[in-house]
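Observations on the three-dimensional arrangement
Residues per chain are reported as follows:
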Amino acid sequence: MELSKKRRRKLQSAIDLDYGYRRYEDRDVYVLDRGGKVGCGVFAARQFFPGELLFEITGQLISAKSYDGSTYAMHLDDDWYLEPSIPGAFVNHSCSPNCDLLQITDVTNGLIATCNIEAGTEVCFDYQWEAQWWIPRCRCGARNCRGWVVAENEIKKMKRIAERKKKAR
Ligand SMILES: [Zn+2]
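Residues numbered from 1 in each chain as written. Predicted model: local features only at pLDDT ≥ 70, side-chain atom pairs only at ≥ 80, totals over all residues. Heavy atoms only, no water.

1. Some words on the coordination of the zinc ion
Every protein donor of the zinc ion is listed here as Cys95 (SG), Cys138 (SG), Cys140 (SG) and Cys145 (SG), and their distances to the metal cover 2.3 to 2.4 Å. Around the zinc ion, the 4 donor atoms are arranged such that angles at the metal cover 105 to 113 degrees; this shape is classified as tetrahedral. Counting the intervening residues between successive donors of the zinc ion yields the motif C-x42-C-x1-C-x4-C. Relative accessible area serves as the criterion here: at 10%, Cys138 is assigned to the buried category. (Donors = N, O, S within 2.8 Å, 3.2 Å for Na, K, Ca; no water. Tetrahedral: all angles 85-135°; square planar, octahedral: opposite > 155°, others 65-115°. Buried < 20%, exposed > 50% of the residue type's maximum accessible area, 1.4 Å probe, protein only.)

2. Things to note about the domain arrangement of the protein
Each assigned domain of the protein is listed with its residue range as follows: domain 1 (22-127) and domain 2 (128-169). Each side of the interface is counted separately: domain 1 has 8 residues, and domain 2 has 10 residues. Of the roughly 900 Å² buried between domain 1 and domain 2 on both sides combined, carbon and sulfur atoms contribute 62%. In terms of surface lost to domain 2, no three residues of domain 1 exceed Thr71, Cys95 and Tyr127, which account for 57% of the buried area on that side. At the surface where domain 1 touches domain 2, the tally comes to 1 salt bridge. Arg146 is the partner of Asp126 in a salt bridge, and the nearest nitrogen-oxygen pair spans 2.9 Å. Linking domain 1 with domain 2 are 3 residue pairs in polar contact (both at pLDDT 80 or more), by the criterion used here. Across the side of domain 1 that touches domain 2, the residue classes tally to 3 nonpolar, 4 polar and 1 charged. (Domains from an automatic or database assignment. Contact = heavy atoms within 4.5 Å. Buried area = accessible area lost by both parts, 1.4 Å probe. Salt bridge = Lys/Arg side-chain N within 4 Å of Asp/Glu carboxyl O. Polar contact = N/O pair within 3.5 Å; in protein donor to acceptor, adjacent residues only side chain to side chain. Nonpolar A, V, L, I, M, F, W, Y, C, P; charged D, E, K, R; others polar.)

3. Regarding the pairing of strand 6 (residues 80-84)
With 5 bridges connecting them, strand 4 (residues 59-63) and strand 6 associate as antiparallel partners. Note that in strand 6 the partner of Gln60 across the bridge is Glu83. Direction of pairing for strand 5 (residues 74-75) relative to strand 6: antiparallel, over a ladder of 2 bridges. For His75, the partnering residue across the bridge sits in strand 6 and is Tyr81. Counted between consecutive antiparallel strands, the loop separating strand 5 from strand 6 contains 4 residues. (Pairing = 2+ DSSP bridges. Helix = DSSP H or I, 4+ residues; strand = E, 2+ residues; numbered from the N terminus.)

4. Observations regarding the packing of aromatic side chains
Counting across every chain of the model gives 4 aromatic pairs. Taking 5.1 Å as the distance between ring centres and 50 degrees as the angle between the ring planes, the aromatic pair formed by Phe125 and Tyr127 counts as tilted. Both residues of the pair, Phe125 and Tyr127, count as buried. Aromatic pair Tyr127 and Trp129: ring centres 4.8 Å apart, planes at 45 degrees, arrangement tilted. Across this residue pair, the class does not change: Tyr127 and Trp129 are buried. Counting every residue linked through ring pairs, the aromatic cluster contains Phe125, Tyr127, Trp129 and Trp134. When the ring centre of Trp148 is taken as reference, the NZ or CZ atom of Arg137 above it lies at 4.0 Å. (Phe/Tyr/Trp six-rings, centres within 6.5 Å; stacked < 30°, edge-to-face > 60°. Lys NZ or Arg CZ within 6 Å of the ring centre and 35° of its normal.)

Listed below in structure tokens is the structure:
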């Protein structure tokens, strides 16, 4: 039997209490949903110093051969991708980030502070994506914002793709 919307909401909120899936929180970081276009982000629950590990990004391992992960899947090596679980999945991109993504074990990445991060600050890293037709505009608000969520050296290519997309419309 199909769940009614109301019952689904009720059951899900009970599940969320146990799993903390969408409302992740520990002594180091927490997920906050600011609603609207900004959506969810990960925030520091305490101060972090440059070079300090914020948290280990674990998740589902996806074979590169049968790759059908989301756009958020992180490249680990030639054979494997990491589909990050919460809170890793909610870390936003910034063109002027306060963290770096670093592979720290064979199967996990670490989010590392690259500057002093005060409690309550949103943490983010530079996604360094390749230019693709589906790449969104960047709204990170940084003074040096590149305009698209792609790596610095992919901007030229991204602009060409965006130009073609405009013409096709
Ligand atoms: Zn930006």
